[in-house]
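As a plain string of letters, each chain reads:
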Amino acid sequence: KAGVTQTPRYLIKTRGQQVTLSCSPISGHRSVSWYQQTPGQGLQFLFEYFSETQRNKGNFPGRFSGRQFSNSRSEMNVSTLELGDSALYLCASRTRDTQYFGPGTRLTVL
Amino acid sequence: GQNIDQPTEMTATEGAIVQINCTYQTSGFNGLFWYQQHAGEAPTFLSYNVLDGLEEKGRFSSFLSRSKGYSYLLLKELQMKDSASYLCAVRGLRDSSYKLIFGSGTRLLVRP
């Protein structure tokens, strides 16, 4: 089976812009979670989607949003980008108990 | 509150054994995970413990004690390629939602 895929892999934006990241889960996986990873804060949970419904949300401002489509693909959106949003954004899909990560999208905000 | 602690850095010699500890305090417990992450790459799944005891998988073993809020990852016959960060993560909620809370990671350096 193909693994979790994320596009784009790298992105450079400027402050105030918005960005949309995409994630395709492993075939058959219906749950997609998003995480932000920074050197200072480590890996932090953003949100989880299952069957197009958000099931849980981390402690991030409303500028961070997401959605899931009927084919389980997911997108996350960050509006009004800030310098501190520069990070590796990881998507993960899971079986019952185990979560598998995609390669991530490295976002740089200038 | 929710807190996961693991050492920041460890150094070991090729061929040796190293144990990476993780202690946690979370609201509810629904499993503990270990991931390996090489620099610039995504985390890869190593192990999952939900019951007390030792889980062995090749050169890697993971141990869990729920009463002590404690886990360790044991790496045997260390290889240079084992140089990476090792992340301890806990699934803290008891409901059907799946949210992993990660420790800051332990950077392991394997020397010849």
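Scroll up to find the structure this text is about.
Here the structure is a predicted model, which is why all the values come from computation and not from measurement.

What to know about the state of the cysteines
All names here are of chain B.
- Enumeration over the complete set of coordinates arrives at two disulfides over all chains.
- With its sulfur 2.0 Å from that of its partner, cysteine 22 forms a disulfide with cysteine 88. Here the disulfide of cysteine 22 and cysteine 88 is left-handed, its torsion about the S-S bond being about -65°. Of this pair, cysteine 22 sits in strand β3 (residues 18-25) while cysteine 88 sits in strand β9 (residues 84-91); the two residues are 66 residues apart in sequence, bridging distant segments of the chain. Here the two residues cysteine 22 and cysteine 88 agree in accessibility, since each one is buried.

Observations concerning the sheet that holds β3 of chain B
All names here are of chain B.
- Here five strands make up an open sheet; going across it, the order is β1-β3-β8-β7-β6 and the pairing antiparallel. A strand with exactly one partner marks an edge of an open sheet, and here the two such strands are β1 (3-5) and β6 (53-57). Within the sheet, the average angular offset between the axes of one strand and its neighbour, ignoring direction, is 15°.

Cut-offs and rules
Residues numbered from 1 in each chain as written. Chains lettered and ligands numbered in written order. Predicted model: local features only at pLDDT ≥ 70, side-chain atom pairs only at ≥ 80, totals over all residues. Heavy atoms only, no water. Disulfide = S-S within 2.5 Å. Helix = DSSP H or I, 4+ residues; strand = E, 2+ residues; numbered from the N terminus. Buried < 20%, exposed > 50% of the residue type's maximum accessible area, 1.4 Å probe, protein only. Pairing = 2+ DSSP bridges. Axes fitted to C-alpha atoms, helices over the stretch in contact; angles between N-to-C directions.

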